[in-house]
Amino acid sequence: MNRLRERLRRLLVPVADGQDVVPAAPPVPVREIFRRFWPDARPYRPAIAAGAVFLVLVPAIEAVEIWLFKLVVDDVLVPRDVGALLPLAAAYVGLTLLSGLIRFGDDYLATWVGERFLLNLRARLFAHVQGLSLDVLDRRRLGDLLSRLTSDVQAIERFVLTGVGDGISALARIVFFSGALLLLSWRLALVSIVVVPLFWLTARRFSRLIKHASREKRRRSGSLTAVAEESLANAALVQSMGRERHELARFRRENAAIMEAELASTRIRALFSPLVDLIELLGAMIVVGLGVWALSSGELTIGGLLVFLAYLSQMYGPVRELSGLVNSLYAASAGAERVIELLDERPAVVERPDARPLPAAGATVRGRVELRDVVYRYPGASRAALDGCSLAVEPGECVALVGPSGAGKTTATRLLLRFADPDAGSVLIDGEDLRELRLRDLRAQVGLLAQETLLFEGTVRDNVAYGRPEASAAEVERVAAAVGIADLLDARVGQRGRALSGGQRQRVAIARAIVRDSAVVVLDEPTTGLDAEAREAVLGALDALLPGRTTIVVSHDPAVVARADRVVELRAPGDDDRDARGADDDGAAPAAAAPDAARPAAGPPDPGASPTAARPTAAEPVA
Ligand SMILES: Nc1ncnc2c1ncn2[C@@H]1O[C@H](COP(=O)(O)OP(=O)(O)OP(=O)(O)O)[C@@H](O)[C@H]1O
């Protein structure tokens with residue numbers, strides 16, 4: 001017996017292979033799922049109410065249509081009276097047209113509401129994901145996020161709207177058809193309803209299995225998109241290393257797990273269906289048996305008995321549907337759980353409700369930035385990336401940040417944009433703690449050129465204007481000319497800018513930063529990985545960017561460092577004799593450039609062009 005049970009379990013429960021690309025989301029009770037997402041459907045209450053009326057009208061018409069059949073048998077066929085057929089036929093035609101119209105209305109309304117619900121919920125989720133801190137996004141698999149944004153959200157629509165609609169429709173059918181059954185013969189009706197609890201009991205036994213298989217399916221589709229996204233995004237690496245077969249095997253493994261879960265669901269359904277069929281048959285047999293008695297005692301006419309059976313089969317359908325609905329609700333809840341898990345993820349950086357604008361009313365941004373005794377440890381990391389780091393950069397000054405790999409240079413640049421908050425100490429701009437300021441304002445004033453050049457598919461022109469869409473075409477062209485990409489403006493950059501060379505990409509990013517015209521720019525290794533010619537072009541572009549703004553540039557390139565007013569060396573935390581503090585004009589710093597001397601002579605964009613930024617020019621660095 002135990003072996004049989006074990007075999008059955010193995011058939012119906014998809015096995016996990018222990019290799020989790022994406023872990024399962026924590027389970028959430030059904031009531032909680034409704035509580036979380038019903039507010040998204042609330043704006044459509046009038047349409048939902050209208051849809052519910054349609055849903056109730058359709059079975060009402062069906063009940064009348066079946067009743068008409070009784071009249072056809074008893075008033076037309078049995079007495080052989082063709083004359084009575086005409087009004088019945090007219091009623092049939094009228095009802096068919098009416099129900100067609102109502103069905104269309106119901107269908108259209110359901111799609112209208114469902115799609116709007118989906119659109120808003122997806123947008124809400126997308127906005128939430130956008131607001132998550134970078135380290136949270138870095139920890140998640142991109143493909144899995146995409147799967148949650150698309151198919152898992154769809155499961156919630158099925159749960160909250162389609163599921164409720166199906167429930168209303170099934171309930172209305174049960175009410176109308178059992179009403180008609182009671183009207184025809186209440187004694188027979190009561191007997192036939194006795195089997196209904198059997199449907200429920202069977203469904204309850206199956207629902208846990210269905211839920212498990214659905215969870216596995218949803219989780220694995222997240223893994224599948226994650227693996228596909230990762231492999232395709234790194235296609236060059238995969239091809240150059242000849243790892244196509246390995247990647248294909250990873251892709252197949254996730255796909256096979258989905259297939260397993262799908263097959264398990266099919267086996268569950270295959271077992272569930274015949275069981276409920278048997279119960280239905282049992283009910284019908286009881287009625288036919290007792291129908292003989294009802295006919296002979298005159299309780300029912302032959303037409304009455306026929307439509308009784310018709311109503312009965314129409315009523316068992318919705319009862320089955322309702323019990324099946326519980327199962328599909330459980331299946332849909334597996335998607336909802338994954339969306340809820342994502343929605344519950346809190347960004348580490350949150351704007352305070354009383355955040356202040358930058359610049360304050362009537363003031364201008366000077367662009368003095370400071371890290372004051374900053375300690376920062378990445379979530380989950382064993383040691384701090386920055387430990388007591390201090391650094392002040394005066395308005396208009398250009399500081400080169402150097403130091404060994406892992407010293408925390410990139411981390412410092414991330415803190416300056418408030419991608420994360422320090423665990424201790426503070427980061428300031430013009431003496432204001434970044435945590436006190438409105439995020440949008442702060443990021444309007446601090447531009448970033450990340451180590452990896454980030455571009456959107458589109459033309460170079462689109463990418464240059466990305467940070468300030470209202471920039472005029474003339475301005476974009478002027479800046480493009482200054483960084484030497486004027487002839488590229490209408491070229492498409494391709495996926496992630498891959499249609500451009502590394503140097504071109506970097507110059508597009510520099511042009512974008514100039515157009516954005518922030519008071520402070522942070523550059524992370526702007527010339528890394530470029531050949532001599534591309535490097536020269538990027539250095540020329542930098543000469544157009546630096547003047548007139550506070551610049552912090554992470555670089556080991558002597559030519560870049562030479563453009564700085566001051567060189568600051570950052571040392572890895574935990575190095576005892578080498579203090580973690582950034583030491584100004586550190587003697588050990590390589591290639592410390594004489595302030596002023598290396599400042600570019602290239603004409604800066606007019607600082608007065610920015611309504612908010614009034615900064616000292618490069619010619620007058622502030623000590
Ligand atoms: N997302 C992250 N999660 C956990 N630890 C991280 C993360 N990013 C960086 N670190 C760790 O923080 C430390 C500082 O890294 P950071 O990238 O700031 O160094 P860096 O000075 O810019 O190095 P490089 O010159 O090699 O780019 C390193 O020990 C690194 O392993």
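Residues numbered from 1 in each chain as written. Predicted model: local features only at pLDDT ≥ 70, side-chain atom pairs only at ≥ 80, totals over all residues. Heavy atoms only, no water.

A. Region of the structure containing the overall build of the chain. For the chain, the count of helices and strands is 18 helices and nine strands. Per-residue burial for the chain yields a buried fraction of 48% across its 623 residues. In the chain, the share of contacts with a sequence separation of at least 24, taken over all contacts with a separation of at least 6, comes to 80%. Summed over its atoms, the accessible surface of the chain is roughly 30300 Å², and 60% of this surface lies on carbon and sulfur atoms. (Helix = DSSP H or I, 4+ residues; strand = E, 2+ residues; numbered from the N terminus. Buried < 20%, exposed > 50% of the residue type's maximum accessible area, 1.4 Å probe, protein only. Contact = heavy atoms within 4.5 Å. Areas by Shrake-Rupley, 256 points an atom, 1.4 Å probe, with all protein chains shown as cover.)

B. Broad picture of unusual backbone geometry. In this model, L358 is joined to P359 through a cis peptide bond whose omega is -5°. Within the fold, P359 resides in the loop between helix 11 (302–343) and strand 1 (369–376). Of note, D430 is a non-glycine position whose phi angle comes to about 50°, a positive value. The backbone of D517 sits at a positive phi, close to 55°, despite the residue not being glycine. Mapping D517 onto the fold places it in the loop between helix 16 (502–516) and strand 7 (520–524). Residue classification places D517 among the buried residues on the basis of a relative accessible area of 14%.

C. Spotlight on a nonpolar patch on the surface. Judged by side-chain polarity, F69, L77, V78, L295, I302 and L306 come together as a nonpolar surface patch covering roughly 500 Å² of accessible area. Among the elements of the structure, helix 3 (45–77) and helix 11 are those that each provide at least two residues to the nonpolar patch. You can see L306 is positioned in helix 11. The class for L306 is partly exposed, based on a relative accessible area of 40%. (Patch = residues over 30% accessible without salt bridge, like charges linked within 9 Å, V, L, I, M, F, W, Y side chains within 5 Å. Salt bridge = Lys/Arg side-chain N within 4 Å of Asp/Glu carboxyl O.)

D. Region of the structure containing the pairing of strand 8 (residues 550–554). Of all five residues that make up strand 8, five are buried, and the element is covered over most of its length. Here strand 8 shows no split at all, with T550, I552 and V554 on one side and T551 and V553 on the other all buried. Alignment of strand 3 (residues 398–402) against strand 8, held across four bridges, turns out to be parallel. Counterpart to A400 in the pairing with strand 8 is V553. Bridge count between strand 7 and strand 8: five bridges; the pairing is parallel. Along strand 8, the bridge assignment pairs D524 with V554. Between the parallel pair strand 7 and strand 8, the chain is carried across by helix 17 (residues 532–545), and the sense of this crossover is right-handed. (Pairing = 2+ DSSP bridges. Right-handed = clockwise from strand over helix to strand, strands pointing away.)

E. Highlighting the environment of I168. When you line up the elements, I168 lands in helix 6 (residues 142–184). The exposure class of I168 is partly exposed, given its relative accessible area of 27%. Sequence-wise, I168 and L322 are 154 residues apart; in three dimensions their C-alpha atoms are separated by 9.5 Å. Leaving out residues up to four positions away in the same chain, I168 has contacts with A52, L55 and V56.

F. Just helix 8 (residues 196–233), in detail. Taking 1.5 Å per residue as the helical rise, helix 8 with its 38 residues ought to reach 56 Å, and the 54 Å between its terminal C-alpha atoms agrees with that figure. Of all the bends found along helix 8, the most pronounced is centred on F206 and spans about 35°. (Expected span 1.5 Å × (residues − 1). Bend = angle between axes of the 7 residues up to and from the residue.)

G. Quick peek at the sheet that holds strand 6 (residues 446–449). Here we have five strands laid out as an open sheet, ordered 6-7-8-3-9, and parallel in their pairing. Looking along the sheet, the strands with just one partner apiece sit at the ends: strand 6 and strand 9 (566–569). Neighbouring strand axes in the sheet, compared pairwise and without regard to direction, differ in orientation by 20° on average. Across the sheet, helix 12 (residues 409–416) touches strand 3, strand 6, strand 7 and strand 8, and the angle it forms with strand 7 is around 150°. (Axes fitted to C-alpha atoms, helices over the stretch in contact; angles between N-to-C directions.)

H. Examining the packing of helix 6 against helix 8 more closely. Between helix 6 and helix 8, the shortest axis-to-axis distance is 7 Å and the interhelical angle comes to 130°. As summarised for this structure, helix 6 and helix 8 are arranged oblique, according to the angle between their axes. Between helix 6 and helix 8 lies a crossing of right-handed hand. Contacts from L142, G143, D144, S147, S151 and D152 of helix 6 reach helix 8 at R218, S221, G222, T225, A226 and E229. Here the residues of the contact of helix 6 with helix 8 are counted per class, giving two nonpolar, six polar and four charged. (Parallel < 35°, antiparallel > 145°, perpendicular 65-115°, else oblique. Left-handed = near helix turned anticlockwise from the far one by under 90°. Nonpolar A, V, L, I, M, F, W, Y, C, P; charged D, E, K, R; others polar.)

I. Structural context of the pairing of strand 4 (residues 424–429). Bridging between strand 1 and strand 4 involves five bridges; their strand directions are antiparallel. The residue of strand 4 that forms the bridge with L371 is V427. Hairpin remark: strand 4 followed by strand 5 (residues 432–433), antiparallel, with two residues in the connecting loop; positive phi at D430, about 50°.

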